[in-house]
Amino acid sequence: MREMFETGNRQEAVKYKFGLREALIGDRNFYSRVAMVVVPMIIQNTLSNIVGLLDNIMVGQVGTLSMSSVAIVNQILFIFYLCIWGSLAGAGIFSTQFFGKGDMEGVRAAIRFKLITAITILIIAAIILMNFGGDLIALYISSDTFPDERAETLRLAGGYLRIMIVGLIPFSLTQVYASAMRESGKTTLPMIASMVAMGVNFVFNALLIFGLFGLPKMGVFGAAVATVISRFTELFIVVFGAHRRGTRYEFFRGLYSHFVIPGNLVFPMLIRSLPLLCNEFLWSLAQATLLQAYSLRGIAIIAAMNISGTISQIFNEVFLSLGNSAGIIVGQELGADRLVNARRTAFRMAALSVASTFVMGTLLACAAPFIPNFYNTEPEIRALATRFIWVVAICMPINAYANVSYFTMRSGGKTAVTFLFDSCFSWAVSVPTAYVLSRYTALPALFVFAIVSLTEILKCLIGFVLVKSGVWVRNIVKSE
């Protein structure tokens, strides 16, 4: 048995049959390793989402139109964020496996590739948003909206977007550094940087949205300025921590002094990055299209879904972080050529991720009737947000398994498969379902949302077959 772990024989690793207990329940070492990676990630992202909720409530105090304007812009920017994450993930597969192998120069090459990719996407996105931002915002305002409300929404959203474009610069660079740190399994510094940035964001939100202590009362524009300040703060912390003397992140040493990517790595990283970039772009575009379909029922739907999404994200963070951690831990096992252990770890991470949703989903369902009451909006919108949250809570185990399946397949460099599994499913199933139901039926937006969410069951079945097949079990950094 031990030989099978060390030799990296892929065929034997895929053929190996696990007992049910062995596949679902890990030992103490397994859970300790998972905790080291996932706990800082959960703390960081949960606190970030809580601060995001407080920010959302602050903006909600200004009014429904302000909240809807911010929600529209954030949905548009979400496409950019996922393009950055997707483009970095391709090189991140190499970075994770290089780290598992102990090849620090390989990790540096992956980081350089990430920097070039992120800056390229940043420039393209800034040009598009500066020239066509208003047109994109207008797509989310239904035709039956009152003219004065339409004009005010366009004004607020347009001003918010122009400020937020500046914040895309530090966001992109921070993701390059923080992703490399997480891929090494050392997630503490990104967590600290994010927590400090959250505090800065919260303080400046309060000061600038409401005009406290003599500062100008800027409303939603103040929220954008606060976000930009916090992102530059986060960037400074991660860059300082990465390059300071005696850093734990030795793979950042000499990153810029010899800025070269070996020719034999450029094409492999490119062919794995492009499917992930396309996947994240198309998937995020699908989510934006879904929101646009729901918005046909009125601008109030956007406000209700904004409340629902902000609250739900806090409780979703456990399974989202576990999925991300699965990609890191399984990827390191693959890079170290422990292929059987990689498969076992993947199964255990899936079991842990789904199990977590029964706790978090119950807590979310219990919180659903209360948190929307903190928003300064109409009672009908708060009640609708509660119902949206209940749908999310019911579907949480489904989303958790689909999420961990995606990261498992990605860890082995099977980016073309993940492209078909993720974004192609969204465009082949989710978007057409929402399009037909929103335009050719009189179903309320809540029922349309529930039906679209339940179609993810089919995605889970596909994910189970692909993960079980072992098609993703590959060491892509193995020396020949």
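Residues numbered from 1 in each chain as written. Predicted model: local features only at pLDDT ≥ 70, side-chain atom pairs only at ≥ 80, totals over all residues. Heavy atoms only, no water.

1. Focus: the overall build of the protein
Looking only at helices and strands, one finds 16 helices and zero strands in the protein. Computed over the C-alpha atoms, the radius of gyration of the protein is 22 Å, within 12% of the 23 Å expected from 2.2 N^0.38 for a compact globule of 480 residues. Each of the three principal axes of the protein carries a C-alpha extent, and together these read 70 × 50 × 35 Å. A burial count over the protein gives 58% of its 480 residues as buried. Sequence separation of 24 or more characterises 84% of the internal contacts of the protein that already satisfy a separation of 6 or more. (Helix = DSSP H or I, 4+ residues; strand = E, 2+ residues; numbered from the N terminus. Rg over C-alpha atoms; globule rule 2.2 N^0.38 Å. Buried < 20%, exposed > 50% of the residue type's maximum accessible area, 1.4 Å probe, protein only. Contact = heavy atoms within 4.5 Å.)

2. Looking at the packing of aromatic side chains
Inspection of the entire model under this criterion finds 18 aromatic pairs. Relative to Phe449, the ring of Phe388 has its centre 5.3 Å away and its plane inclined at 85°; by these criteria the two rings are edge-to-face. Of this pair, Phe388 sits in helix H13 (residues 379-411) while Phe449 sits in helix H15 (residues 445-454), and the two are 61 residues apart along the sequence. On the accessibility criterion, Phe388 (1% relative accessible area) is buried. The lysine or arginine in question, Arg348, covers the ring of Phe30, its NZ or CZ lying 5.7 Å from the ring centre. One residue, Lys459, lies across the ring of Phe421, its end atom 5.3 Å from the ring centre. (Phe/Tyr/Trp six-rings, centres within 6.5 Å; stacked < 30°, edge-to-face > 60°. Lys NZ or Arg CZ within 6 Å of the ring centre and 35° of its normal.)

3. Concerning the layout of surface pockets
Its boundaries defined by the atoms lining it, the largest pocket holds a volume of some 490 Å³. Considering the residues around the largest pocket, the lining is formed by 18 residues, among which Ile76, Ile79, Leu136, Phe281 and Leu285 are closest to the centre. The residue inventory of the lining of the largest pocket, partitioned by class, reads 16 nonpolar, two polar and no charged. (1 Å grid on protein atoms, 1.4 Å probe; cavity = no way out; pocket = protein on both sides within 12 Å on 5 of 7 lines; lining within 4 Å. Points joined across faces, edges and corners; volume = space filled by probe spheres on them. Nonpolar A, V, L, I, M, F, W, Y, C, P; charged D, E, K, R; others polar.)

4. Digging into the nonpolar core
Phe80, Phe251, Phe252 and Phe388 are the most contacted members of the largest nonpolar core, which has 128 residues in total. The element contributing the most residues to this core is helix H5 (residues 64-101), with 17 residues. Setting aside its immediate chain neighbours within four residues, Phe80 contacts Ile121, Leu122, Ala125, Leu168, Phe171 and Ser172. Val330, Phe347, Val417 and Phe421 belong to the second-largest nonpolar core, a separate cluster that totals 17 residues. (Core = buried A, V, L, I, M, F, W, Y, C linked by side-chain atoms within 4.5 Å.)

5. Regarding the packing of helix H12 (residues 339-367) against H13
Geometry of a packed helix pair, given as the angle between the helix axes and the separation of the axes. It is the contact of H12 with H13, at a shortest axis distance of 9 Å, that shows an interaxial angle of 165°. In terms of orientation, H12 and H13 fall into the roughly antiparallel class. Remark: the crossing between H12 and H13 carries right-handed chirality. Contact residues: Ala346, Met349, Ala350, Ser353, Val354, Thr357, Phe358, Met360, Gly361, Leu364 and Ala365 in H12; Ile389, Trp390, Val392, Ala393, Met396, Pro397, Ala400, Tyr401, Val404 and Thr408 in H13. (Axes fitted to C-alpha atoms, helices over the stretch in contact; angles between N-to-C directions. Parallel < 35°, antiparallel > 145°, perpendicular 65-115°, else oblique. Left-handed = near helix turned anticlockwise from the far one by under 90°.)

6. Concerning the pattern of salt bridges
Inspection of every chain in the model, using the stated rule, returns seven salt bridges. In this structure, Glu333 engages Arg33 in a salt bridge whose closest nitrogen and oxygen atoms are separated by 2.3 Å. Note that Glu333 is positioned in helix H11 (residues 299-335) and Arg33 in helix H4 (residues 28-62), a separation of 300 residues in sequence. A salt bridge links Lys459 to Asp422; the shortest N-O distance between them is 2.6 Å. Of this pair, Lys459 sits in helix H16 (residues 456-469) while Asp422 sits in helix H14 (residues 415-440), and the two are 37 residues apart along the sequence. Residue class for Lys459 comes out buried when judged on its relative accessible area of 4%. Owing to a relative accessible area of 7%, Asp422 belongs among the buried residues under this scheme. (Salt bridge = Lys/Arg side-chain N within 4 Å of Asp/Glu carboxyl O.)

7. Observations concerning H12
Because each turn of an α-helix spans 3.6 residues, side chains separated by three or four positions end up pointing in the same direction. For H12, spanning 29 residues, the distance from its first C-alpha to its last is 42 Å, which sits close to the expected 42 Å at 1.5 Å a residue. Helix geometry: H12 is bent most strongly at Phe358, by close to 25°. (Expected span 1.5 Å × (residues − 1). Bend = angle between axes of the 7 residues up to and from the residue.)

8. Focus: the confidence of the model for the protein
Averaged over every residue, the pLDDT of the protein is 84; the share at 70 or more is 93%. Considering each helix and strand of the protein separately, the mean pLDDT is smallest for helix H1 (residues 2-7), with a value of 45, and largest for H15, with 93. The model gives residues 1-7 a pLDDT under 50, and that stretch makes 13 contacts with residues more than four places away or in other chains. (pLDDT = per-residue confidence, 0-100.)

9. What about helix H8 (residues 188-210)?
Taking 1.5 Å per residue as the helical rise, H8 with its 23 residues ought to reach 33 Å, and the 33 Å between its terminal C-alpha atoms agrees with that figure. Positive phi shows up at Gly211, right after H8, with a value of about 70°.

10. Describing a nonpolar patch on the surface
Together, Val39, Ile43, Leu47, Ile50, Leu54, Met195, Phe202 and Val203 make up a nonpolar patch on the protein surface, roughly 570 Å² of accessible area in all. Contributions of two or more residues to the nonpolar patch are made by H4 and H8. With five residues, H4 is the largest single contributor of residues to the nonpolar patch. Note on Val203: relative accessible area 44%, which makes it partly exposed. (Patch = residues over 30% accessible without salt bridge, like charges linked within 9 Å, V, L, I, M, F, W, Y side chains within 5 Å. Areas by Shrake-Rupley, 256 points an atom, 1.4 Å probe, with all protein chains shown as cover.)

11. Thoughts on the environment of Leu322
Structurally, Leu322 is set in helix H11. Between the alpha carbons of Leu322 and Ile111 there is a distance of 23 Å; along the sequence they are 211 residues apart. The residues contacting Leu322, other than those within four sequence positions of it, are Val34, Val38, Met349, Leu352, Ser353 and Ser356.

12. A short note on the packing of H13 against H14
The geometry of H13 relative to H14 is characterised by a closest axis approach of 9 Å and an angle of 165° between their N-to-C directions. Classified by the angle between their axes, H13 and H14 sit roughly antiparallel to one another. In this structure, the crossing between H13 and H14 has a hand that is left-handed. Along the contact surface, H13 presents Ala402, Ser405, Tyr406, Met409 and Arg410, while H14 presents Val417, Thr418, Phe421 and Asp422. When the residues that make up the contact of H13 with H14 are grouped by side-chain class, the tally is five nonpolar, two polar and two charged.

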